[in-house]
Amino acid sequence: MSYRWMLAVMMAVVLSATAGFVRSASADTYDPEELQFLKLINEYRANNGAGPLLLSDELTVSSDHHSEDMAKYGFFAHDTAASSYYPVGSEPWDRMAAEGYGYNTYRGENLAVGYETAGQSFEAWRNSPHHNEAMLDPNYKVIGIARVYQKGSDWGWYWTTDFGAVVDPSAHPANEPAKPDKKAAKKETPEDQGGDGGGIENGAFKSGAVWKQETKDGAGLILKSEKARFGDYNNGIDSLRQKIQIKKHAQLSYRLEIKAQEKLNPSDQFLVQLTDADGKKVALLKTYDAGDKGGWRRETNDLSRFAGRTLYLDFLVKTDESHLTTFFLDDVALKN
């Protein structure tokens with residue numbers, strides 16, 4: 001396997017921004033400076049005989065998370081020093097693979113800090129031989145772009161661009177959405193897709209359209225990586241809720257990952273419960289806390305005792321003011 005390792009550029013400018021922590025892109029959009037960077041790099045590549053780069057949403061998730069981690073945890077490096085998403089010591093290709101881009105191909109990464117605009121970052125990288133080489137590498141076909149700002153951080157603005165030589169299913173031009181995965185092009189039943197037979201919509205969290213989200217800090221729970229993230233802040237209340245119809249042999253399943261700093265007397269909790277239309281609790285199915293921390297695992301709950309009822313499935317997280325706990329949820333399915 002071949003890799004191209006790109007050294008980071010350590011740069012800073014004095015900023016007067018007043019916003020707090022800002023994600024670079026929502027689940028479906030890129031901010032104007034990220035799109036401007038794509039325009040600049042593709043014009044530069046065209047003038048130097050290299051083909052254009054498509055936006056890869058998978059690589060952008062990796063870029064976005066790394067920029068967030070650097071801003072939040074106060075480091076500037078390719079290897080992950082601390083993270084809300086990845087194991088400590090993760091390298092760029094580890095992060096890319098974790099978000100679905102695990103191809104045996106050329107991959108690389110450019111980092112910059114302190115620059116607010118696409119033009120500033122582009123010029124810094126163009127004037128650095130290693131970064132310039134990455135931007136002009138003809139092997140690369142896709143790019144992930146993330147610009148993150150955090151007030152009070154060491155550098156303010158944090159840029160990460162991840163490169164890859166395979167055009168993945170999430171890749172698309174700037175003015176078009178991602179192309180459908182060829183594997184999903186054929187007509188499949190929900191069971192073929194590992195789904196729920198009509199019980200839970202959108203179990204992979206591909207959008208927030210069918211889930212009702214409520215958060216105390218106002219942040220979206222559904223990530224671009226099609227997982228949901230709860231907690232990771234003090235005195236929090238996060239809820240992700242959806243109406244379900246429960247049949248005779250209903251089985252609820254989901255995957256869960258818990259990352260926690262608490263060691264003694266863990267109090268942050270993740271509740272899986274059923275409620276009525278008014279939000280009143282009908283049944284508590286399962287409770288997790290920081291003491292259950294660990295990697296991804298599949299959990300199953302038998303709902304057959306509620307057969308014939310239409311209720312709401314509610315994933316609820318409550319955190320206190322002490323150490324942080326983050327709960328990740330994925331692959332929710334109801335098989336009747």
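Structure shown above.
Calculation criteria
Residue positions are counted from 1 within each chain, in the order its sequence is given. Local features in this predicted model are restricted to residues of pLDDT 70 or higher, and side-chain atom pairs are both shown and tallied only at a pLDDT of 80 or more, whereas totals for entire chains, interfaces and linings draw on every residue. As a convention, hydrogens and water are excluded, and side-chain values are obtained from all of the structure's heavy atoms. Strand pairing requires that DSSP identify at least two bridges connecting the strands. Numbered from the N terminus, helices here are DSSP runs of H or I no shorter than four residues, and strands are runs of E no shorter than two. To obtain an axis, a line is fitted to C-alpha atoms, over the contacting stretch when the element is a helix, and the angle between two such axes runs from 0 to 180 degrees between their N-to-C directions. Definition used in this section: a nonpolar core is a set of buried Ala, Val, Leu, Ile, Met, Phe, Trp, Tyr and Cys residues joined via side-chain atoms within 4.5 Å. Partly exposed describes any residue whose relative accessible area lies between the buried limit of under 20% and the exposed limit of over 50%, with all areas from a 1.4 Å probe on protein chains only and scaled to the type maximum. In this analysis, two residues are considered to be in contact whenever any of their non-hydrogen atoms come within 4.5 Å of each other. The rule is short: rings of Phe, Tyr and Trp, with Trp giving its six-membered ring, pair when the centres are within 6.5 Å, and they are stacked under 30 degrees, edge-to-face over 60, tilted in between. A 3.5 Å cut-off defines polar contacts: any pair of N or O atoms within that distance qualifies, except that in protein one atom must be a possible hydrogen donor and the other a possible acceptor, and neighbouring residues in sequence count only when both atoms are side-chain atoms. Between 65 and 115 degrees an angle is taken as roughly perpendicular, under 35 as roughly parallel, over 145 as roughly antiparallel, and anywhere else as oblique. Residues are grouped as follows: Ala, Val, Leu, Ile, Met, Phe, Trp, Tyr, Cys and Pro are nonpolar; Asp, Glu, Lys and Arg are charged; every other residue, Gly included, is polar.

A. Quick peek at the sheet that holds strand S10 (residues 269-275). Strand order in this open sheet of 5 strands is S6-S8-S13-S10-S11, and the pairing throughout is antiparallel. A strand with exactly one partner marks an edge of an open sheet, and here the two such strands are strand S6 (212-215) and strand S11 (281-289). The sheet shows a mean angle of 15 degrees between the axes of neighbouring strands, direction not considered. Here strand S8 (residues 237-245) runs beside strand S13 (residues 310-318); their pairing, made up of 9 bridges, is antiparallel. Across the sheet, Ile244 pairs through a bridge with Leu311, a residue of S13.

B. Structural view of the nonpolar core. Counting 30 residues, the largest nonpolar core has Phe230, Phe270, Leu303 and Phe315 as its most contacted members. Those elements that provide at least two residues to this core are strand S7 (228-231), S8, strand S9 (251-260), S10, S11, S13 and strand S14 (325-335). Excluding residues that lie within four positions of it along the chain, Leu303 makes contacts with Ile244, Ile246, Ala250, Leu252, Leu274, Leu285 and Leu334. Judged by nonpolar contacts, the second largest core, of 22 residues, contains Phe37, Ile41, Leu53 and Ala124.

C. Inspection of the packing of aromatic side chains at higher detail. Here the structure, examined in full by the defined rule, presents 15 aromatic pairs. Where Tyr101 meets Tyr103, the ring centres are 4.8 Å apart and the plane angle is 80 degrees; that geometry is what we call edge-to-face. Aromatic pair Tyr254 and Phe315: ring centres 5.7 Å apart, planes at 80 degrees, arrangement edge-to-face. Pair noted here: Tyr254 is in strand S9 and Phe315 is in strand S13, with a separation of 61 residues, a long-range link. Grouped by ring-pair contacts, the aromatic residues Trp211, Phe230, Tyr254, Phe270, Tyr288, Phe315 and Phe327 constitute a single cluster.

D. Structural detail: the environment of Tyr254. By relative accessible area, Tyr254 is classed as buried at 0%. The sequence separation of Tyr254 and Asn301 amounts to 47 residues, and the corresponding C-alpha distance is 9.1 Å. Within the local environment of Tyr254, its side chain forms a polar contact with the side chain of Tyr288, the two groups lying 2.7 Å apart. A distance of 3.2 Å separates a polar atom in the side chain of Tyr254 from a polar atom in the side chain of Asn301.

E. Seen up close, the environment of Ser67. With respect to the element layout, Ser67 can be found in helix H2 (residues 57-73). It is 8.7 Å that separates the C-alpha atoms of Ser67 and Trp157, two residues lying 90 residues apart in sequence. Setting aside residues up to four positions removed in sequence, Ser67 forms contacts with Ala146, Val148, Tyr158, Trp159 and Thr160.

F. Focus on the packing of helix H4 (residues 118-126) against helix H5 (residues 129-136). Where H4 contacts H5, the two axes come as close as 6 Å, and the packing angle between them is 110 degrees. Relative to H5, H4 is oriented roughly perpendicular. Judged by residue contacts, Phe122, Trp125 and Arg126 of H4 engage His131, Asn132 and Met135 from H5. Of the residues contributing to the contact of H4 with H5, the split by class is 3 nonpolar, 2 polar and 1 charged.

G. Structural view of the sheet that holds strand S12 (residues 294-302). Judged by pairing direction, the sheet is antiparallel, and its 4 strands sit side by side in the order S7-S14-S9-S12 without closing on themselves. Looking at which strands have only one partner, the edges of the open sheet turn out to be S7 and S12. Looking at each pair of strands side by side, their axes are set apart by 30 degrees on average, direction ignored. In terms of strand pairing, S9 meets S12 through 7 bridges, oriented antiparallel. Across the sheet, the residue bridging to Leu252 is Asn301, located in S12.

Nothing here speaks to function; it is geometry throughout.
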